[in-house]
Amino acid sequence: MEKFERSVSMLAWGLNEEDLVESFLDRAFALLHETVTDYEVVFVDDGSTDRMPELLAAYATREPRLKIVRHDRNYNVGIACRTAISNASKDYLFWQTVDWSYDLRNLRTFLELLNHFDVVQGIRPVPIRLLSYIPVLRSIYRVNKRSDTFRKAVVSLGNYYLLRLLFGAKFQDFQNVTFYSTKFVHSLSIVARTSFVNPELLLKSYARGLRMIEVPIPFIPRTQGEAKGTRFKTILRSVVDTFRNWSAWGIQYRRDLNRNAGDRRIWRVSEPFVLDRKVLELVIPLFEDFR
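Residue indices begin from 1 for each chain and proceed along its sequence in written order. Owing to the predicted nature of the model, reporting of local features is limited to residues with pLDDT of at least 70; listing and counting of side-chain atom pairs is limited to 80 or more, with chain, interface and lining totals taken over all residues. As a convention, hydrogens and water are excluded, and side-chain values are obtained from all of the structure's heavy atoms.

**What about the overall build of the chain?**
Along the backbone of the chain there are ten helices and eight strands. Under the scheme applied here, a residue whose accessible area is under 20% of the maximum for its type counts as buried, over 50% as exposed, and between as partly exposed, the area being computed with a 1.4 Å probe on protein chains only. Evaluated residue by residue, the chain yields a buried proportion of 54% over its 291 residues. In this analysis, two residues are considered to be in contact whenever any of their non-hydrogen atoms come within 4.5 Å of each other. Looking at the chain alone, contacts between residues at least 24 apart form 78% of all its contacts between residues at least 6 apart. Values of accessible area rely on a 1.4 Å probe in the Shrake-Rupley scheme; residue burial ignores everything except the protein chains shown. With an accessible surface of roughly 13,900 Å², the chain has 54% of that area assigned to carbon and sulfur atoms. A helix here means a DSSP run of H or I that spans at least four residues, while a strand means a run of E at least two residues long, and both kinds are numbered starting from the N terminus.

Written as structure tokens, this is what we have:
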């Protein structure tokens with residue numbers, strides 16, 4: 001395929017990631033240059049105290065498509081994500097972690113799917129085996145592929161089932177790379193202040209009746225720096241934020257979802273027989289992630 005014809009904002013954020021930030025930016029701009037004609041990278045420095053602010057500033061002098069936003073202190077991933085979203089200026093947006101924890105080798109295909117769907121949601125793929133057709137076992141199967149360590153994978157699974165229990169929407173993953181229309185995301189009132197931002201966007205998009213497709217985007221274990229998303233205080237804040245949102249709008253959301261279940265649908269690459277022919281032709285290369 002030729003380069004994607006619409007403009008794209010790639011979002012990222014980090015705290016004290018001086019060892020990773022330059023390699024992340026090199027990788028991000030190389031990937032975007034290969035796949036998109038008009039693009040930007042929006043990077044939020046979430047109150048870093050190491051050399052990351054200096055490295056970002058130096059990089060911006062030679063790469064004008066890098067947009068840097070600096071927080072005066074550390075606000076955590078949710079606020080950083082919201083800041084990045086509010087500063088996105090292109091037609092579509094998506095994000096990637098500073099440690100490049102999601103495999104974006106099929107980025108061009110994901111972007112092309114935006115011509116057929118409103119939202120493209122990444123999931124950590126499970127190999128298609130007999131056990132993978134059993135709902136709970138599907139999540140436990142290959143659990144070690146969900147995160148850097150077994151403990152973090154268990155935390156990830158716990159978060160997933162908490163969200164399924166509280167809100168009901170049958171996504172196969174809530175924390176991954178997601179592609180949206182920037183105009184649509186800017187129209188939403190985002191309440192979350194932690195990593196619940198991503199599930200909130202998905203749930204509210206689903207409630208609006210947007211056409212959504214789940215695509216396989218495998219997890220890549222971190223090899224440098226320190227992951228901060230599974231610290232005890234971070235997890236506790238996220239759980240509190242999740243229940244705060246559930247009590248504010250989630251209870252009514254679940255009731256409305258139950259009443260209008262027939263009007264909502266999530267398309268999946270893992271269920272190819274219901275896809276349109278043009279979409280099916282696009283996603284055939286993605287099947288190898290389910291082996």
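**Describing the packing of aromatic side chains**
Between 30 and 60 degrees the pair is tilted, below 30 it is stacked and above 60 it is edge-to-face, where a pair is any two Phe, Tyr or Trp rings, Trp via its six-membered ring, whose centres lie within 6.5 Å. For the structure shown, the criterion picks out 20 aromatic pairs. Centre to centre, the rings of Phe29 and Tyr39 are 6.3 Å apart; their planes meet at 50 degrees, and the pair counts as tilted. With Phe29 in helix H1 (residues 21–35) and Tyr39 in strand S2 (residues 39–45), this pair connects stretches of sequence that are ten residues apart. Phe29 sits in the buried class, given a relative accessible area of 7%. The interplanar angle of 40 degrees and the centroid separation of 6.1 Å between the aromatic rings of Trp95 and Tyr180 together place this pair among those described as tilted. Taken together, the positions of Trp95 in strand S4 (residues 92–95) and Tyr180 in strand S6 (residues 178–181) put the pair 85 residues apart, joining distant regions of the chain. The exposure class of Tyr180 is buried, given its relative accessible area of 1%. Each member of the aromatic cluster is reached from another via a ring pair, and the members are Tyr160, Tyr161, Phe171, Phe174 and Tyr206. Here the guanidinium or amino end of Arg62 rests over the ring plane of Tyr59, the centre of that ring lying 4.4 Å away. In this analysis the charged atom, NZ for Lys or CZ for Arg, is taken to sit over a ring once it is within 6 Å of the ring centre and within 35 degrees of the ring normal. Its guanidinium or amino end placed over the ring of Trp267, Arg211 lies 4.5 Å from that ring's centre, counting from NZ or CZ.

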